[in-house]
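Structural overview for review
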Amino acid sequence: PAYIYYALIAGVIGGLIAQIGGAFFGRFGITPRIDQVLDAGLKGLDDRYAIFHYQLGCDHALITPAGLFAVIPRLEDGRVLFEGDGWVQETARGGLLRGKTRRQRLRGVNREAERAARSLSRAVEKQIDEPAHLEIRPLMVFLREDVYVEAGESPHLALHIKKLKPALRQMKKGNTLSPEAIRSLAGALKT
């Protein structure tokens, strides 16, 4: 009984270390890493496009001629669709329930997207002199090979990684950064 406080303190410290380690494992412990998959999906775009990982307030910030995007990578599989006011995932069941689909609501996806866009906006305001003209939007990118995305009436752009590059090229031009401003931003972030 005399050492219960030490055990309690050790448990709290161990829990904090496990949380921090889990976050780093989720970011860097999988192969290929999410940033590598996004880079591969954007390979071949010219210098008007740039992606910054873990540096601009959100995990992945994409600068395009159509504007700035806070990229939210998603790892769902099966069929993902926007219904009513939220996202739903449908996956096939195995075993005795083979042939049946399981429907699961994906909670907090839109809030996560909006939070990432706000964080990117705040970070860009700190880095760039005149960011008022920039259009910053969330962009959900589904990374799994076996996912089928139906964005429907989604308030945010959502698509599969294979459709990302063609979609970016087809978007109409908006308020964004010039290639020179992108280079200066990259230089500022490296220091």
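Residues numbered from 1 in each chain as written. Predicted model: local features only at pLDDT ≥ 70, side-chain atom pairs only at ≥ 80, totals over all residues. Heavy atoms only, no water.

1. A short note on the environment of His156
Quick note on the threshold: Numbered from the N terminus, helices here are DSSP runs of H or I no shorter than four residues, and strands are runs of E no shorter than two. The buried label goes to any residue with under 20% of its type's maximum accessible area, the exposed label to any with over 50%, and the partly exposed label to all in between, with areas taken from a 1.4 Å probe on protein chains only. What makes two residues a contact is simply this: any of their non-hydrogen atoms within 4.5 Å. Contacts described as polar in this section are N or O atom pairs within 3.5 Å, which, within protein, must combine one atom able to donate a hydrogen with one able to accept it, while residues neighboring in sequence count only if both atoms come from side chains.
Residue position: His156 is located in the loop between strand 8 (147-150) and strand 9 (157-160). Overall, the relative accessible area of 11% leaves His156 in the buried class. Contact partners of His156, with chain neighbours within four places excluded, come to Asn110, Ala113, Glu114, Pro138 and Met140. At a separation of 3.4 Å, a polar atom in the side chain of His156 contacts the side chain of Glu114.

2. Details of helix 5 (residues 179-190)
For an α-helix the count is 3.6 residues per turn, leaving residues at separations of three or four pointing the same way. This is how it is decided: A helix is expected to reach a length of 1.5 Å times the quantity of its residues less one. Summarising the geometry, the arc corresponds to the directions from the helix axis toward the C-beta atoms.
The first and last C-alpha atoms of helix 5 sit 17 Å apart over twelve residues, in line with the 16 Å expected at 1.5 Å per residue. Along helix 5, the residues that are buried comprise Ile182, Leu185 and Leu189. Within helix 5, the buried residues cover an arc of 65 degrees as seen down the axis, which keeps them to one side. Residues of helix 5 that are exposed and angled more than 90 degrees away from the buried face: Glu180 and Lys190.

3. Considering the nonpolar core
For clarity, the cut-off: In plain words, nonpolar cores are sets of buried Ala, Val, Leu, Ile, Met, Phe, Trp, Tyr and Cys residues tied together by side-chain atoms within 4.5 Å.
Judged by nonpolar contacts, the single largest core of 32 residues is most densely connected at Phe52, Leu56, Trp87, Leu120, Phe142 and Leu177. Those elements that provide at least two residues to this core are strand 1 (50-53), strand 2 (60-64), strand 3 (67-74), strand 4 (78-83), helix 3 (109-127), strand 7 (136-142), strand 8 and helix 5. When residues of this core are assigned to their parent elements, the largest contribution, seven residues, is made by helix 3. Judged by nonpolar contacts, the second largest core, of 15 residues, contains Leu45, Tyr49, Leu62 and Phe69.

4. Describing the pattern of salt bridges
Quick reminder of the rule: We count a salt bridge whenever a side-chain nitrogen from Lys or Arg sits within 4 Å of a carboxyl oxygen from Asp or Glu.
In the structure shown here, the tally under the stated rule is ten salt bridges. A network of salt bridges, in which partner residues are shared, links Arg79, Glu83, Glu90, Arg103 and Glu150.

5. Side note on the side chain of Ser154
One can find Ser154 in the loop between strand 8 and strand 9. Ser154 gets classed as buried once you look at its relative accessible area, which sits at 15%. A polar contact of 2.8 Å, which involves the side chain of Ser154, links it to the backbone oxygen of His156. Discounting residues that sit within four places of it in the chain, Ser154 has contacts with Phe82, Trp87 and Met140.

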